[in-house]
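Topology and contacts: notes
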Amino acid sequence: MTHSALDRGDPAPGGGDAPQPGLASGPVPDPPAARTALPVRKKKKSFLPYGLVLPAALLELLIHIGPMLLGVWIAFISLTQLNLTNWLNAPFVGLQNFVNGLNPESTIGQAFFSTVGRTLLYTVTVVGFSWVLGMAGAVFLSSNFKGRAILRTFFLVPYALPAYVGTIAWAFMFNQRDGAVNQILVDTLHLFGDERPFWLLGQNSFGAMIVVNVWQLWPFAFLMLMAALQTVPADVYEAASIDGASLWQQFRSITLPMVRPANGVLLLVMSLWTFNQFNIPFVLFGAASPKEATLVSPLIYQNSFGSWNFGLGGAMSVLLLIALFIASFFYIRMVLPKGADND
Amino acid sequence: MKNPIKVLSALAATASLAFGMTACGGSSQATNSDTITYWASNQGNSLEDTAAKLKPSLDRFTEKTGVKVKLEVIGWSDLYNRILTAVTSGDGPDVLNIGNTWAVTLQETGAFEPVEGALLEAVGGKDRFLQTSWSTGGADGKAPTSVPLYGLAYNMYYNPKMFKEAGIEAPPVTWDEFVADAKKLTKDTNGDGKPDQWGFTAAGASVSANSHQAFVRGLQNGGALFDKDGKPTFDSAAQVEGVKQWVDLMATDKVMSPSDAEISDGSQKVDNLINGKAAMVFDQSPVKNFEARGFTDWAVAPIPMMKAGASGPEGTQSHVAGINLSVFKNSKNKENAIKLAGWLTSDAEQVALNKAYRSLPVVSSVSSDAAFQTDEVKLKNDALANHALPMPLIPKEGQMETLTGTAIKNLFAKAATGTVTEADVQSALKDANNQMVAAQ
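Thresholds applied
Residues numbered from 1 in each chain as written. Chains lettered and ligands numbered in written order. Predicted model: local features only at pLDDT ≥ 70, side-chain atom pairs only at ≥ 80, totals over all residues. Heavy atoms only, no water. Helix = DSSP H or I, 4+ residues; strand = E, 2+ residues; numbered from the N terminus. Contact = heavy atoms within 4.5 Å. Areas by Shrake-Rupley, 256 points an atom, 1.4 Å probe, with all protein chains shown as cover. Pairing = 2+ DSSP bridges. Axes fitted to C-alpha atoms, helices over the stretch in contact; angles between N-to-C directions. pLDDT = per-residue confidence, 0-100. Buried area = accessible area lost by both parts, 1.4 Å probe. Salt bridge = Lys/Arg side-chain N within 4 Å of Asp/Glu carboxyl O. Polar contact = N/O pair within 3.5 Å; in protein donor to acceptor, adjacent residues only side chain to side chain. Nonpolar A, V, L, I, M, F, W, Y, C, P; charged D, E, K, R; others polar. Core = buried A, V, L, I, M, F, W, Y, C linked by side-chain atoms within 4.5 Å. Buried < 20%, exposed > 50% of the residue type's maximum accessible area, 1.4 Å probe, protein only. Parallel < 35°, antiparallel > 145°, perpendicular 65-115°, else oblique. Left-handed = near helix turned anticlockwise from the far one by under 90°.

Quick word on the overall build of chain A
Tallying secondary structure elements over chain A gives 14 helices and zero strands in all. Walking chain A from its N terminus toward its C terminus, one meets helices and strands in the order α-α-α-α-α-α-α-α-α-α-α-α-α-α. Put simply, of all contacts in chain A between residues at least 6 apart along the chain, 59% involve residues at least 24 apart. As presented, chain A carries roughly 19,300 Å² of accessible surface, and 70% of it is formed by carbon and sulfur atoms.

As structure tokens, then:
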């Protein structure tokens, strides 16, 4: 505690001296011992933080920034299996990969644009459902009742389960001939007439993928929102209910504004995850998704590993990185609270 | 970072992370010269069965050479992706199986050891091998980067009991006869108004199996996937016709269950034959599955052709199918990896392994062994020798398989959920063709 008190420039006991020029916090009295020691400490401090951050910075460079820059570089070269093991010598093609990816006349460009549109729709739907379910669950469990702990654990199961295991179980359930979904919907409930629908082929595959993703994502929204709700003081609700506010009014005027900062982050993170979703379609449909359910990440994978056109895959990744960066930037500026005190 | 406790904990975290990474790096770098890794494709009726059948051979190898083999059997739906990842990262096994149709594509990556020098010597030279199988090892005029290991070819397997019930005397020879018979064999046996016995079954979602059919059906109709100049012609009239015949089995002829559109694993279609859900299937080696399940109601015939007795490209019934063996160039244990390649292609192991997996030996010296004198194996041999052409031996073969196979997979999905017109086939193949052009 002594150190932090000194660092913050808090008044030391028995002080009454002139302000210390090295500390920016105004007229702070310092004990004589600290006054003599400070210049030395200051010198050390100027190096120490950098020295300490250096290993982490190097690792960050190695793990994140390096591969990212490599990915950007790949977008500008023609990287195929012919030069894969000697990629440093792959021919530089400038913007050609971007032109190929963005040309609305070509099959590749058309696929790219329709996939981006589909992925946006997918993201909005998945994040929307996940948020509503997460919010409902969090509000429901914020009141005290018997069995709350069990329900809370139960709600978190999809999040706790390894993503692969959950998705492959869904793939089995969605199987047209032997899957549980058709057994329940068609055999037991007699929906859809006699015909067993295909859930993993054609149009339905898009819906099936949404179901699996919402199932996997909503517990995260639930967890975050429940944590946010804990910070809302109970007496605010008490006061509101004494004033005669309905539950809906309380939700709208107290809950929503109070969890706004958490919501801002939550929606951003969920949208980024969903937009870049790869695991679920890959496990549900294999390396090639149905046309109606191809998302951006699997498309990049197909271009990179199916057609071995790593340059094109790289260009598409860079385009998306830029788009997501811009979108996130404006979102953060507009939605998230400003100021440094939001620690 | 003003709080020393924060500083210390950050430092500790960084140090432990750095240490952890070094430790990981260290362990993956560590090589034990007595152990090599081998990725084997699934040749048995399950991954476990493949491993169990391979184990005696590997044990004998260890006994003889002192080299231990760490085996991993990989299912067909994962194999291509696993190889690509290994090639891309440079971090793969010492020895691995590849589908022989991928050999030229993978050769171009430069990730595999050329079969020359010590490796060629270890496998006993190219003259030991069947000419057709050896030709799949790599592009013309270059040292191959894979050696044949198991030979395969497509045959038609059918249920003679069902044929008899449907009044069919002999297996169909032409495509028209095949479709007509398949219609007779498609029946509603339980009276619910819907067929539950189908004339034919196939893995509609298998990318590679569909691309094989695009190849064979295209050739039978007088087409080809590439023209003389190496340009893709996936959407030529003959190719469209051939692919349409294939997809029509579900879409128009309705002799294939729509649920076949979800099958991506070849053993599931064989299951359909064993379970009596279908009467005919095209496959390369289902007999091991038949035997494992005690299924005896099967017979075998050549794949139907457009015209009886056709020869040349129009008489194609199969591609030169099979599994090749490659040594990873990055192997830190090349000497032992080469020893294993020599071992698995030796006469004795060729007999043992091909007998166990019901595949064809790829070395001519053992084809006269009693194990390979059954009617089924003889038919397969005939298909391989007289009615098979290698899939296009071009560097972009892998892309071609992915693009045509995926297009057909999507067409089957469309057939299962609606209708497929000639224009749909044409447009799907045109898209695949355009992407192939862009990839070239």
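Details of the sheet that holds strand S5 (residues 155-158) of chain B
Note: strands within a sheet are paired through backbone hydrogen bonds, in either parallel or antiparallel orientation. Residue and element names in this part refer to chain B. As summarised here, the arrangement of the four strands in space is S6-S7-S5-S8, forming an open sheet in which the pairing is mixed. Of all the strands in the sheet, the pair left with one neighbour each is strand S6 (198-201) and strand S8 (299-301). Going across the sheet, the axis of each strand differs from the next one's by a mean of 25°, ignoring polarity. In the packing of helix H11 (residues 266-274) onto the sheet, contacts are made with S5, S6 and strand S7 (278-283), and the angle to S7 comes to roughly 150°. Contacts from helix H15 (residues 375-386) reach S5 and S8 within the one sheet, and its direction differs from that of S5 by about 150°.

Re the confidence of the model for chain A
In the predicted model, chain A carries a mean pLDDT of 83, and 85% of its residues have values of at least 70. Note that pLDDT drops below 50 for residues 1-35 of chain A; the model gives that stretch 32 contacts with residues more than four away or on any other chain.

What about the sheet that holds strand S3 (residues 95-99) of chain B?
Residues and elements named next belong to chain B. Taken in spatial order, the five strands of this open sheet run S2-S1-S3-S10-S4, and their pairing is mixed. A strand with exactly one partner marks an edge of an open sheet, and here the two such strands are strand S2 (68-74) and strand S4 (147-152). Between one strand and the next, the sheet's axes are offset by a mean angle of 20°, whatever the strand orientation. In this sheet, S2 lies alongside strand S1 (residues 35-41) in parallel orientation, the contact comprising seven bridges.

What to know about the interface of chain B and chain A
Contacts between the two partners involve 43 residues from chain B, matched on the other side by 40 residues from chain A. Of the roughly 3,400 Å² buried between chain B and chain A on both sides combined, carbon and sulfur atoms contribute 62%. For the interface between chain B and chain A, the tally reads zero salt bridges. One can count nine residue pairs in polar contact (both at pLDDT 80 or more) joining chain B with chain A. Sorting the residues of the side of chain B that touches chain A by element identifies helix H1 (4-29), helix H3 (76-89), helix H4 (103-109), helix H16 (397-417) and helix H17 (422-439) of chain B as the ones contributing at least two each. Classifying every residue of the side of chain B that touches chain A gives 19 nonpolar, 16 polar and eight charged.

Thoughts on the nonpolar core
All names here are of chain B. Grouped together as the largest cluster of nonpolar side chains are 56 residues, with contacts concentrated most on Phe-178, Phe-200, Trp-246, Leu-249, Met-280 and Phe-282. By residue number, the principal contributor to this core is H16, which donates nine residues. The contacts of Trp-246, once residues within four sequence positions are left out, are Trp-175, Phe-200, Ala-202, Asn-210, Gln-213, Arg-217, Phe-282, Ile-408 and Phe-412. In terms of nonpolar packing, the next biggest core, distinct from the first, is built from 43 residues, Ala-321, Ile-338, Ala-383 and Leu-384 among them.

Quick look at the packing of helix H4 (residues 107-142) of chain A against helix H11 (residues 260-275) of chain A
Residues and elements named next belong to chain A. Where H4 meets H11, the closest approach of the two axes is 9 Å, and the angle between their N-to-C directions is 135°. Viewed along their axes, H4 and H11 adopt a mutual orientation that is oblique. Considering the relative orientation of H4 and H11, their crossing is right-handed. Along the contact surface, H4 presents Thr-119, Leu-120, Tyr-122, Thr-123, Val-126, Val-127, Ser-130 and Trp-131, while H11 presents Asn-263, Leu-266, Leu-267, Met-270, Ser-271, Thr-274 and Phe-275. Per-class residue counts for the contact of H4 with H11 are nine nonpolar, six polar and no charged.

Details of the packing of helix H2 (residues 47-65) of chain B against helix H13 (residues 334-344) of chain B
All names here are of chain B. At their nearest, the axes of H2 and H13 sit 11 Å apart, and the two run at 125° to each other. Overall, the two elements H2 and H13 adopt an arrangement that is oblique. Between H2 and H13 the crossing geometry is right-handed. In contact with Ser-57, Leu-58, Arg-60, Phe-61, Lys-64 and Thr-65 of H2, H13 contributes Asn-336, Lys-339, Leu-340, Trp-343 and Leu-344. A breakdown of the residues in the contact of H2 with H13 according to their chemical character gives five nonpolar, three polar and three charged.

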